[in-house]
Amino acid sequence: RLYADDELTREDMGPEILRSSLDDVVLDLARLGHDTSTFPLVDRPDEADLEASKRMLRRLGCLDGTSITSLGALYSDLPFEPRLSSIILRCHASHGLLASPTRIAAILSAPGSIFFMGGANKEARMEAKSRVAVGAAGHDSDLLHLLHV
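Nothing here was measured: the structure is a model prediction, and the numbers come from that model.

Thresholds applied
- Residues numbered from 1 in each chain as written.
- Predicted model: local features only at pLDDT ≥ 70, side-chain atom pairs only at ≥ 80, totals over all residues.
- Heavy atoms only, no water.
- Helix = DSSP H or I, 4+ residues; strand = E, 2+ residues; numbered from the N terminus.
- Buried < 20%, exposed > 50% of the residue type's maximum accessible area, 1.4 Å probe, protein only.
- 1 Å grid on protein atoms, 1.4 Å probe; cavity = no way out; pocket = protein on both sides within 12 Å on 5 of 7 lines; lining within 4 Å.
- Points joined across faces, edges and corners; volume = space filled by probe spheres on them.
- Nonpolar A, V, L, I, M, F, W, Y, C, P; charged D, E, K, R; others polar.
- Core = buried A, V, L, I, M, F, W, Y, C linked by side-chain atoms within 4.5 Å.
- Contact = heavy atoms within 4.5 Å.

Chemist: If you had to explain the environment of Ala52 to someone new, which residues and values would you point to?
Modeler: Inspection of the secondary structure assignment puts Ala52 in helix α4 (residues 47–59). Of the residues examined, Ala52 reaches a relative accessible area of 32% and is grouped as partly exposed. Along the primary structure Ala52 and Asp23 are separated by 29 residues, whereas in three dimensions their C-alpha atoms are 8.8 Å apart.

Laid out in structure tokens, this is it:
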């Protein structure tokens, strides 16, 4: 390993499984044939959070009880959270769209802001924000604007 343990961990940051969505974890465990109630997770999330993820995955059609469905296996293959995978595939099925919903899902998956509002000074940063705001005003949705950036 390239880093010592004390360089990789911070006191203010808990385990990743406790900080992120459990939907992918629950779906991947179901795909591997494991039940989240018996699987030995090192840092076990609250049962209520695991149950909420299972309910969400059932609503999306990914789980049938505790077993993964063919739709769940498909969502598991996509590089997005199950909710975003659902948006992509539903847009494709109902409207024949694939590129735009995939771009939107990628934007929503990106950590932080996709805009770099840099500049040498505060004035330059404000000018950059203003240009983005003017461009967004011509669209009915922030996401539609992002497709054109």
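Chemist: If you had to explain empty space enclosed by the protein to someone new, which residues and values would you point to?
Modeler: Take a probe with the size of a water molecule and roll it over the atoms, and the empty space left behind shows itself. Under the definition given, this model contains one cavity of 30 Å³ or more. Volume-wise, the largest cavity comes out at about 60 Å³. Every residue lining the largest cavity is listed: Val26, Ala30, His34, Asp35, Thr36, Lys54, Arg58, Leu63, Gly65 and Thr66. Sorting the residues of the lining of the largest cavity by element identifies α3 (23–31) and α4 as the ones contributing at least two each. A breakdown of the residues in the lining of the largest cavity according to their chemical character gives three nonpolar, four polar and three charged.

Chemist: Kindly report on the nonpolar core, identifying the contributing residues and their values.
Modeler: Counting residues in hydrophobic clusters, the biggest one holds 11 residues: Leu22, Val26, Leu27, Ala30, Leu50, Met56, Leu57, Leu60, Cys62, Leu63 and Tyr75. Where this core is concerned, the elements lending two or more residues are α3 and α4. In contact with Met56, not counting residues within four places along its chain, are Asp23 and Arg83.

Everything listed here is a matter of coordinates, which is why it stays silent on function.
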